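A look at the structure
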Amino acid sequence: MQNNDLNVSSRRGFLGTLATGAAALGVTTLATPFSMMASPGFTPDEITGAEEWFNKIKGKHRIVFDATEPHDIFPFAWPRVFLLTNAATGTVEKDCSVVVVLRHAAIPYAMEDKLWAKYNFGEMFKAEDPATKQPAMRNPFWKPKPGDFKIPGIGNVSIGINELQDSGVMFCVCDAAMTVYSAIVAGKMNMEPADVKKEWVAGLLPNIPPMPSGVWAVNRAQEKGCSYCFVR
């Protein structure tokens, strides 16, 4: 298996990777993904669909979690904590709206297991498998086994993406980040950027739509009344 460790788990690492990539691959190679970030190629209908997706935010208590890094279990633990503590204080799940925006180095959590294995996402994004404590070769938060996640003092918690979706949590992913990272990976693996990006989009988990950018999605959620929580 190829080593695709791009050391991009931090914002500085991300910017350093872009600079290194530009030097190694040529400025014109990275010019395309950056231009696509400014105009991600969303059709008017797709933009309308993305805007309308946020109309599902209707709960009494509303929050958006801004996930920019793997950050252990926290992109998924905090949404469950929000729901549990609201239930304990009188607001049931159906009266809460929770949005999780997967952007920057958290984007692989939006993708299926086979992409984690093929592109070595665990190494690339410094995402650890909670079961093995090694770089993940699968998406550890998609359909986890019962008992996979325990929190001291609380016990087993249902923080799989599918389990959170069953509780009404809404997930979306940053298309701009997928554009940039897929182009960098394509350069490292001698593949076509468009082919890698297409494969990543095709491998998105059910009910996790791409948004023009993660910051765009965070803004739209806040415009719908969500309070903001940065995941750390």
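Up top you'll find the structure we're talking about.
What comes next is a walk through the structure. (Residues numbered from 1 in each chain as written. Predicted model: local features only at pLDDT ≥ 70, side-chain atom pairs only at ≥ 80, totals over all residues. Heavy atoms only, no water.)

1. Let's talk about the nonpolar core
- Formed by 50 residues in total, the largest nonpolar core has its most connected members in L102, I107, Y119, F121, F171 and W200.
- If near-sequence neighbours (up to four positions away) are discounted, F171 is found in contact with W53, F76, V100, L102, I161, L164, Q165, N207, I208 and P209.
- If you look at the next biggest cluster of nonpolar residues, it comprises 15 residues, including I57, M170, W216 and V218. (Core = buried A, V, L, I, M, F, W, Y, C linked by side-chain atoms within 4.5 Å. Buried < 20%, exposed > 50% of the residue type's maximum accessible area, 1.4 Å probe, protein only. Contact = heavy atoms within 4.5 Å.)

2. Regarding the pairing of strand 2 (residues 96-102)
- Within strand 2, seven of the seven residues are buried, leaving the element largely enclosed by the surrounding structure.
- Neither face of strand 2 is exposed, since C96, V98, V100 and L102 on one face and S97, V99 and V101 on the opposite face are all buried.
- Relative to strand 2, strand 1 (residues 61-67) is paired through seven bridges, and the arrangement is parallel. When the sheet's bridge partners are listed, R62 is paired in strand 2 with S97.
- Running through helix 4 (residues 74-88), the crossover from strand 1 to the neighbouring parallel element strand 2 is right-handed.
- Where strand 2 meets strand 5 (residues 170-174), four bridges bridge the pair, whose relative direction is parallel. (Helix = DSSP H or I, 4+ residues; strand = E, 2+ residues; numbered from the N terminus. Pairing = 2+ DSSP bridges. Right-handed = clockwise from strand over helix to strand, strands pointing away.)

3. A short note on unusual backbone geometry
- Of note in the backbone geometry, K143 takes a positive phi value of approximately 50° without being a glycine.
- With respect to the helices and strands, the residue K143 is situated in the loop between helix 6 (121-124) and strand 3 (150-151).
- The residue N207 is not glycine, and still its phi comes out positive at about 65°.
- Relative to the helices and strands, N207 resides in the loop between helix 9 (193-202) and strand 6 (210-211).

4. Considering helix 10 (residues 214-223)
- All of the buried residues in helix 10 are G214, W216, A217, V218, R220 and A221.
- Against helix 3 (44-53), strand 1, strand 2, strand 5, strand 6 and strand 7 (227-230) lie the buried residues of helix 10.
- The N-capping residue of helix 10, defined by a side-chain oxygen 3.0 Å from the backbone nitrogen of W216, is S213.
- At the exit of helix 10 stands G225, carrying a positive phi of roughly 95°. (Polar contact = N/O pair within 3.5 Å; in protein donor to acceptor, adjacent residues only side chain to side chain.)

5. Brief notes about the sheet that holds strand 6
- A sheet is described by the order of its strands in space; here five strands give the open sequence 6-5-2-1-7, paired in parallel fashion. Either end of the sheet is taken by a strand with one partner, and the two such strands are strand 6 and strand 7.
- Against the sheet, helix 3 contacts strand 2, strand 5 and strand 6, and its axis sits at roughly 140° relative to strand 5.
- In this fold helix 8 (residues 175-189) packs onto strand 5 and strand 6, with an angle of close to 45° to the strand it touches most, strand 5. (Axes fitted to C-alpha atoms, helices over the stretch in contact; angles between N-to-C directions.)

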